[in-house]
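# Structural description and commentary
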Amino acid sequence: YVLSALYQFRVSDEAHLVNVSVVDSLTTMIAAGVFYSYSHAEPSRHIAMAPGLLPFHLTETIQTHEAGLALAYNLSDFFLIGLNTRYVNITVEQPADTPADFVLDTTHTGTMDVGAILKPWQGLHIAVVGHNLIPIEGVQFPMQLGMGIAYQFGSYLLAEFDTVLDFSTDDAVAASFHGGAEFFIKNMVAIRAGAAHNMIWDTTYVTGGLGVVTSKVAVDFGLRQVV
């Protein structure tokens, strides 16, 4: 069994995020994992009102509980499939005078992700993932389709490219594209570089990273810059 726990603090909306999980991929033919995630956020924003009126300052409290079961199965040495079912509960506390167009309701619903990995030959991985296939209202749960390809050159170079199609935008389907590579020196030092473009925000990024890995400890530094 692999037990994991994670805590994060996000400054932009004063969010506390917690995730715990237990995974077993050895004792049965079907790998299984259960997880629970919790977040408590207090985002704040100004809303433009009718001409002549001051903007409305909205501070709200959003709590999200998410629990799920993930399953994966090796159909062969070359093909793997996975399924993730999730229950989501979102509660929102807002001021009584919040403008009607911005009032959010409590959400109780379930959704699922489905994925597959194809390994046609040694070192090559091709993947496809459908995310939030049962629609959930809210920008944090977009319905997406991800497709990626990665190639491992021995133990010293990994190259990857993937794209994500977002079906939750107001207009047509939008895509983001990401590519990168990692060069591993003497099985200890990792040097990374990449680039990404997001059509929703019409934004391009360059990325870089440096990591040091030992048998017991790994330390990584990463940077993303809008260009």
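Residues numbered from 1 in each chain as written. Predicted model: local features only at pLDDT ≥ 70, side-chain atom pairs only at ≥ 80, totals over all residues. Heavy atoms only, no water.

## Points about the overall build of the protein chain
A tally of helices and strands in the protein chain yields 0 helices and 15 strands. Taken along its principal axes, the extent of the C-alpha atoms in the protein chain is 65 × 45 × 40 Å. Burial status across the protein chain gives 26% buried among its 227 residues. Excluding contacts between residues fewer than 6 apart, the proportion of contacts in the protein chain whose partners are at least 24 apart in sequence is 32%. Of the roughly 15,000 Å² of accessible surface on the protein chain, 65% is carried by carbon and sulfur atoms. Side chains of the protein chain give 8 positive and 21 negative charges; the mean places of these two sets differ by 15 Å. (Helix = DSSP H or I, 4+ residues; strand = E, 2+ residues; numbered from the N terminus. Buried < 20%, exposed > 50% of the residue type's maximum accessible area, 1.4 Å probe, protein only. Contact = heavy atoms within 4.5 Å. Areas by Shrake-Rupley, 256 points an atom, 1.4 Å probe, with all protein chains shown as cover. Lys, Arg positive; Asp, Glu negative; His and termini not counted. Charge placed at Lys NZ, Arg CZ, Asp CG, Glu CD.)

## Considerations on the side chain of Thr203
Looking at the secondary structure, you find Thr203 in strand 14 (residues 203-213). Once residues within four sequence positions are removed from consideration, Thr203 is found in contact with Ala196, His197, Asn198 and Val226.

## Side note on the packing of aromatic side chains
This structure, assessed with the given rule, holds 1 aromatic pair. Between Tyr151 and Phe153 the ring centres are 4.5 Å apart and the planes differ by 70°, which places this aromatic pair in the edge-to-face class. The ring of Tyr205 carries Arg224 above its face, with NZ or CZ at 4.4 Å from the centroid. (Phe/Tyr/Trp six-rings, centres within 6.5 Å; stacked < 30°, edge-to-face > 60°. Lys NZ or Arg CZ within 6 Å of the ring centre and 35° of its normal.)

## Section: the side chain of Ser176
Looking at where Ser176 falls in the secondary structure, it is placed in strand 12 (residues 174-185). Here His178 takes part through its side chain, which lies 3.3 Å from a polar atom of the side chain of Ser176. When sequence neighbours within four positions are dropped, the list of residues in contact with Ser176 reads Asp162, Thr163, Val164, His197 and Asn198. (Polar contact = N/O pair within 3.5 Å; in protein donor to acceptor, adjacent residues only side chain to side chain.)

## Side note on the pairing of strand 3 (residues 30-41)
Residues Ala31, Gly33, Phe35, Ser37, Ser39 and Ala41 line the buried face of strand 3, whereas the alternating positions Ile30, Ala32, Val34, Tyr36, Tyr38 and His40 sit on a face that is not buried. Across 9 bridges, the pairing between strand 2 (residues 15-24) and strand 3 is antiparallel. The residue bridging Asp24 from the neighbouring strand is Ala32, located in strand 3. If you look at the hairpin formed by strand 2 and strand 3, you'll find 5 residues sitting between the two strands. In this sheet, strand 6 (residues 61-74) lies alongside strand 3 in antiparallel orientation, the contact comprising 12 bridges. Bridged to Ala41 within strand 6 is Ile62. (Pairing = 2+ DSSP bridges.)

## So, the pairing of strand 8 (residues 107-118)
In the sheet, strand 7 (residues 79-93) pairs with strand 8 via 12 bridges, with the strands oriented antiparallel. Residue pairing for strand 8: Ile90 is matched across the bridge by Thr107.

## A word on the pattern of salt bridges
Within the structure shown, the criterion is met by 6 salt bridges. Between Glu66 and Arg86 there is a salt bridge, with the nearest N and O atoms lying 2.6 Å from each other. Taken together, the residues Glu66 in strand 6 and Arg86 in strand 7 connect sequence positions 20 residues apart. Across the pair, exposure class does not vary: Glu66 and Arg86 are buried alike. Between Arg192 and Asp220 there is a salt bridge; the shortest N-O distance is 3.0 Å. A residue pair is termed long-range when its members are at least 10 positions apart, and Arg192 in strand 13 (residues 189-198) and Asp220 in strand 15 (residues 218-226) qualify at 28 residues. Classification of Asp220 as partly exposed rests on a relative accessible area of 48%. (Salt bridge = Lys/Arg side-chain N within 4 Å of Asp/Glu carboxyl O.)

## Remarks on a nonpolar patch on the surface
On the surface, a nonpolar cluster with roughly 1,000 Å² of combined accessible area is contributed by Tyr1, Leu3, Val22, Met29, Ile30, Val34, Leu69, Leu71, Leu83, Val114 and Leu133. Mapped by element, the contributors of at least two residues to the nonpolar patch are strand 3 and strand 6. Examined against the element boundaries, Leu69 turns out to sit in strand 6. (Patch = residues over 30% accessible without salt bridge, like charges linked within 9 Å, V, L, I, M, F, W, Y side chains within 5 Å.)

Just distances and angles here, no functional claims.
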